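If you want the building blocks of each chain, they are given just below.
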Amino acid sequence: MYSINKNQPEDNYKDLDGSAALDKLKDLIDSAETCFFCTRHEGSARPMSVRQVDEQGNLWFLSADDSHKNQEIAADPAVKLYFQGPTNSEFLVLDGVATITRDKAKIKELWNFILKTWFTGGEDDPRITAIKITPGQGYYWDNKHGKAVAGVKMLVGAVIGKTLDDSVEGNIAV
């Protein structure tokens, strides 16, 4: 990618940390809503919906205590989350450490009626757990000026034969 990137008329690499990283993390996750939640123990991946990104940047999910995911986290809490926005312009990969809790107040905070499909006992279902992911390192890809500007720049670049990619990428540390 370096040969493409060096042809850019503007910088397209920016590492983020602190509040800028937290804002980008929340934006990308809000756009994607779901991720591939990967555990290292068995190398399993499954789609999961993020229920919340808290003010510290922790990601919260709900899961059944007897799920393979919970068993794999108990064996090795290291996880990797892969997000893709709906328009193929927003991507995030995030390493993290998972912690499982039965905190009823947190479960109530994360609860949504549609989850009764999986937790038929509702928010008081005895199988329900909350998974907190404390993020570690990550990497993001996005565009700088929105999807419309990115599309126009790509079209103009193709017409004039010049790299006018509006993308931005970099490390993200919350």
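Residues numbered from 1 in each chain as written. Predicted model: local features only at pLDDT ≥ 70, side-chain atom pairs only at ≥ 80, totals over all residues. Heavy atoms only, no water.

The chain goes by General stress protein in an unreviewed UniProt entry, where it is assigned to Massilia genomosp. 1.

A. Structural detail: the overall build of the chain. Of the regular secondary structure elements, the chain holds five helices and nine strands. Start at the N end of the chain and walk to the C end: the helices and strands fall as α-β-α-β-β-β-β-α-β-β-α-β-α-β. When each of the 174 residues of the chain is scored for burial, the buried share is 44%. Surface exposure of the chain reaches about 9600 Å², of which carbon and sulfur atoms provide 54%. (Helix = DSSP H or I, 4+ residues; strand = E, 2+ residues; numbered from the N terminus. Buried < 20%, exposed > 50% of the residue type's maximum accessible area, 1.4 Å probe, protein only. Areas by Shrake-Rupley, 256 points an atom, 1.4 Å probe, with all protein chains shown as cover.)

B. Here's a closer look at the side chain of Arg46. Tracing the chain through its elements places Arg46 in strand 3 (residues 45-49). Within the structure, the side chain of Arg46 is placed 3.0 Å from the side chain of Glu72, a separation counted as a polar contact. Contact partners of Arg46, with chain neighbours within four places excluded, come to Cys35, Phe36, Phe37, Thr39, His68, Lys69 and Glu72. (Polar contact = N/O pair within 3.5 Å; in protein donor to acceptor, adjacent residues only side chain to side chain. Contact = heavy atoms within 4.5 Å.)

C. Up close: helix 2 (residues 18-32). Taking 1.5 Å of rise per residue, the 15 residues of helix 2 would be expected to cover 21 Å, and the 21 Å separating its terminal C-alpha atoms lies within 8% of that figure. All of the buried residues along helix 2 are Ala21, Leu22, Lys24, Leu25, Lys26, Leu28, Ile29 and Ala32. Looking one or two places after helix 2, you find Glu33, whose phi comes out positive at around 70°. (Expected span 1.5 Å × (residues − 1).)

D. Geometry of the nonpolar core. Of all hydrophobic cores here, the largest spans 26 residues; its most connected members are Leu25, Phe37, Leu59, Phe61, Phe83 and Ile133. The residues contacting Phe83, other than those within four sequence positions of it, are Ile29, Ala32, Thr34, Cys35, Val50, Leu59, Glu90, Phe91 and Leu92. (Core = buried A, V, L, I, M, F, W, Y, C linked by side-chain atoms within 4.5 Å.)

E. Here's a closer look at the pattern of salt bridges. Counted by the stated rule, this structure contains nine salt bridges. Of the charged contacts, one joins Glu55 and Lys26 as a salt bridge, the two residues approaching to 3.1 Å between their closest N and O atoms. Taken together, the positions of Glu55 in the loop between strand 4 (52-53) and strand 5 (59-64) and Lys26 in helix 2 put the pair 29 residues apart, joining distant regions of the chain. Since its relative accessible area comes to 59%, Glu55 is described here as exposed. (Salt bridge = Lys/Arg side-chain N within 4 Å of Asp/Glu carboxyl O.)

F. Representation of the environment of Ser63 within the structure. Among the secondary structure elements, Ser63 is positioned in strand 5. Assessed through its relative accessible area of 2%, Ser63 is described here as buried. Each C-alpha atom, one on Ser63 and one on Thr129, is 5.3 Å from the other, the two residues being 66 residues apart in sequence. Ignoring sequence-local partners within four residues, the contact set of Ser63 consists of Lys69, Asn70, Phe119, Arg127, Ile128, Thr129 and Ile131.

G. Looking closely at the packing of aromatic side chains. Under the counting rule described, the total for this entry stands at three aromatic pairs. Ring centres 5.1 Å apart and planes at 90° place the aromatic pair Phe37 and Phe61 in the edge-to-face group. Here Phe61 lies in strand 5 and Phe37 lies in strand 2 (residues 34-39), a separation of 24 residues in the sequence. With a relative accessible area of 0%, Phe37 lands in the buried category. Here Phe61 falls in the buried class, since its relative accessible area comes to 0%. In textbook terms, an aromatic cluster arises when at least three aromatic residues are bridged by ring pairs, as seen for Phe91, Tyr139 and Trp141. Directly above the ring of Trp60 sits Lys106, whose terminal nitrogen or CZ lies 4.4 Å from the centroid. (Phe/Tyr/Trp six-rings, centres within 6.5 Å; stacked < 30°, edge-to-face > 60°. Lys NZ or Arg CZ within 6 Å of the ring centre and 35° of its normal.)

H. Just the pairing of strand 2, in detail. As paired elements, strand 2 and strand 3 share five bridges and run antiparallel to each other. Residue pairing across strands places Cys38 opposite Ala45, the latter belonging to strand 3. Linking strand 2 to strand 3, which pair antiparallel, is a turn of five residues; within it Gly43 sits at a positive phi near 70°. As paired strands, strand 2 and strand 6 (residues 78-84) are joined by five bridges and run antiparallel to one another. (Pairing = 2+ DSSP bridges.)

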